[in-house]
Amino acid sequence: MIILAWNCRGLGQSSAIYDLKALVRDSKPDILGLMEAKISNAAMKIHLRRLRFESSIYFPLVGLSGGICVTWKDHIDLEPMSVSKNLVSSLIFSNLVSTPWLLSVVYGSVRSVEKRSFWNNFHKSVDRFNGSWLVLGDFNGVMSNSDRHGGREETSSLVHMINALYNLGLLELPSQGLKYTWSNGKDDDFVIRAKLDRGTANEDWWDLFPNTNVKILPNVTYDHSPIILNSNMALVSCEGPSDLWLLDTGYQKSLGG
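Residues numbered from 1 in each chain as written. Predicted model: local features only at pLDDT ≥ 70, side-chain atom pairs only at ≥ 80, totals over all residues. Heavy atoms only, no water.

Peer 1: Explain the pairing of strand β6 (residues 87-93) to me, please; I cannot follow it from the model alone.
Peer 2: In terms of residue burial, β6 counts as a mostly covered element, since 6 of its 7 residues are buried. Relative to β6, strand β5 (residues 77-83) is paired through 6 bridges, and the arrangement is antiparallel. Residue pairing for β6: Ser 82 is matched across the bridge by Ser 89. Following β5, the chain reverses through 3 residues before pairing antiparallel with β6. Pairing geometry for β6 and strand β7 (residues 101-107), over 6 bridges, is antiparallel. By the bridge assignment, Leu 87 is partnered in β7 with Val 106. (Buried < 20%, exposed > 50% of the residue type's maximum accessible area, 1.4 Å probe, protein only. Helix = DSSP H or I, 4+ residues; strand = E, 2+ residues; numbered from the N terminus. Pairing = 2+ DSSP bridges.)

Right, here's the structure in full:
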C-alpha cells in the first residue's frame, strides 16, 4: 500500500493542482492525505474526481485557512472513524493482514495554545481502539533539536506532542530523502528548516508492515515536502521504528528522563 501525504498550502492555484497531479501520477498512491487545502468541499470533489479518487473525507477550511482531506482508491476498504480540523482517522481493512488497522492523517495546530490542547487530548481520538496504528502527516513540530536548523527552539510548546506520542507508543518511522520537510524560504542567513512532516506508528503496526519505506520528496515550489509511505518496500539498514529522538538530552528532560 502506498500513502501520499502533503501539506499543499492551498489548492486554489493552478500550479498547485499541476504539482499534485504530477505527484499522484508518479507515486500512484492508494490513499492520499492533504493538509491546508484551503478550498471548498465542492472544489475538492472536482479535483479529486479528476485525479480518479471517488471516495473521500474532507473537513473544509475554517475562515481562510485549514482544510484536511483523506481520499482513497476503490480497491481500498476504508471506514471513517473520526474527523476534525486537525485529524482524520479511519480503519483500514486488508486481505494482507487478519485485523484492521488505524490510519490517522494529522495536521498539527500552529498556535502554541492550540498545540497544547490538541496533543493533550490526542489520546481521546483512539479511546476505543487498541490495535495497530499509523499516524502520518504534518505534525507542525519537531521531535528533537536535531530536527531543526535555525530559528529559536520551541521545546516548551512541543513537550505536549512528544509526551502524547511517547505515552501512546508511537515511534517515528525512519525515512529516506531530505532531512528537513519544511523551510521558511529565506536567504541563508535567515533560513529556518525543520522536519515537521513524518510518519509514526506503534509496535503492532510495525509488526504488520516491517518492510515499510518512508521517503521525503524534494520540495521545489512550496514550503512543505510531500512524504510517501510504501508498506511493501524494504528500507536499507532499517530494523524497526526509530526512537532516537528519545536520546536527545533536552527532550529526555521534557519527558522527565
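There is more to say, and it comes next.
Peer 1: Could you clarify how one ought to interpret the environment of Leu 229 in this entry?
Peer 2: Mapped onto the fold, Leu 229 is located in strand β16 (residues 227-230). Sequence separation of Leu 229 and Ile 216 is 13 residues, and the distance between their C-alpha atoms is 9.1 Å. Sequence-distant contacts of Leu 229, defined by excluding residues within four places in its chain, comprise Met 1, Ile 2, Ile 3, Leu 134, Leu 136, Leu 173, Trp 205, Thr 212, Asn 213 and Val 214. (Contact = heavy atoms within 4.5 Å.)

Peer 1: Any chance you could explain the pairing of strand β14 (residues 197-201) here in plain terms?
Peer 2: Successive residues of a regular strand alternate their side chains across the two faces of the sheet. The buried fraction of β14 amounts to 5 of the 5 residues, a majority that puts the element mostly inside the structure. The side-chain alternation of β14 yields two buried faces, one formed by Asp 197, Gly 199 and Ala 201 and the other by Arg 198 and Thr 200. Pairing analysis gives 5 bridges linking strand β8 (residues 133-138) to β14, with the strands arranged antiparallel. Counterpart to Leu 134 in the pairing with β14 is Ala 201.

Peer 1: Explain the sheet that holds β14 to me, please; I cannot follow it from the model alone.
Peer 2: Strand-to-strand pairing in sheets goes through backbone hydrogen bonds, with the strands running parallel or antiparallel. On the basis of which strands lie adjacent, the open sheet formed by 6 strands has the order β5-β6-β7-β8-β14-β10 and mixed pairing. Among the strands making up the open sheet, the edge pair consists of β5 and β10 (171-172). Relative to β8, β7 runs parallel, the two sharing 6 bridges. Considered in β8, the bridge of Leu 102 is made with Trp 133.

Peer 1: Looking at this structure, I do not really get the pattern of salt bridges. What am I missing?
Peer 2: It is possible for side chains of opposite charge to pair when their charged atoms get near one another. Evaluation of the coordinates by the stated rule reveals 7 salt bridges. In this structure, Asp 223 engages Arg 9 in a salt bridge whose closest nitrogen and oxygen atoms are separated by 3.4 Å. Of this pair, Asp 223 sits in the loop between β15 (213-216) and β16 while Arg 9 sits in the loop between β1 (2-7) and α1 (14-27); the two residues are 214 residues apart in sequence, bridging distant segments of the chain. The partner of Glu 172 in a salt bridge is Lys 195, with the nearest N and O atoms 2.8 Å apart. Of this pair, Glu 172 sits in strand β10 while Lys 195 is found in the loop between β13 (193-194) and β14, placing the two residues 23 residues apart along the sequence. Note on accessibility: Glu 172 and Lys 195 belong to one class, buried. One salt-bridge network, in which partners are shared between bridges, spans Arg 9, Glu 36, Lys 38 and Asp 223. (Salt bridge = Lys/Arg side-chain N within 4 Å of Asp/Glu carboxyl O.)

Peer 1: How do you make sense of the confidence of the model for the protein chain when you look at a structure like this?
Peer 2: One rule of thumb: low pLDDT means the predicted coordinates there are not for detailed reading. Of the residues in the protein chain, 87% reach a pLDDT of 70 or more, and the chain-wide mean stands at 85. Looking at the elements of the protein chain, mean pLDDT is at its lowest for helix α6 (residues 249-254), recorded as 40, and at its highest for strand β4 (residues 68-72), recorded as 97. Every residue in residues 234-239 scores below 50 in pLDDT, and together they form 12 contacts with partners more than four places removed in sequence or on other chains. Within the model, the stretch residues 242-257 combines pLDDT values under 50 with 32 contacts to residues more than four positions away or in other chains. (pLDDT = per-residue confidence, 0-100.)

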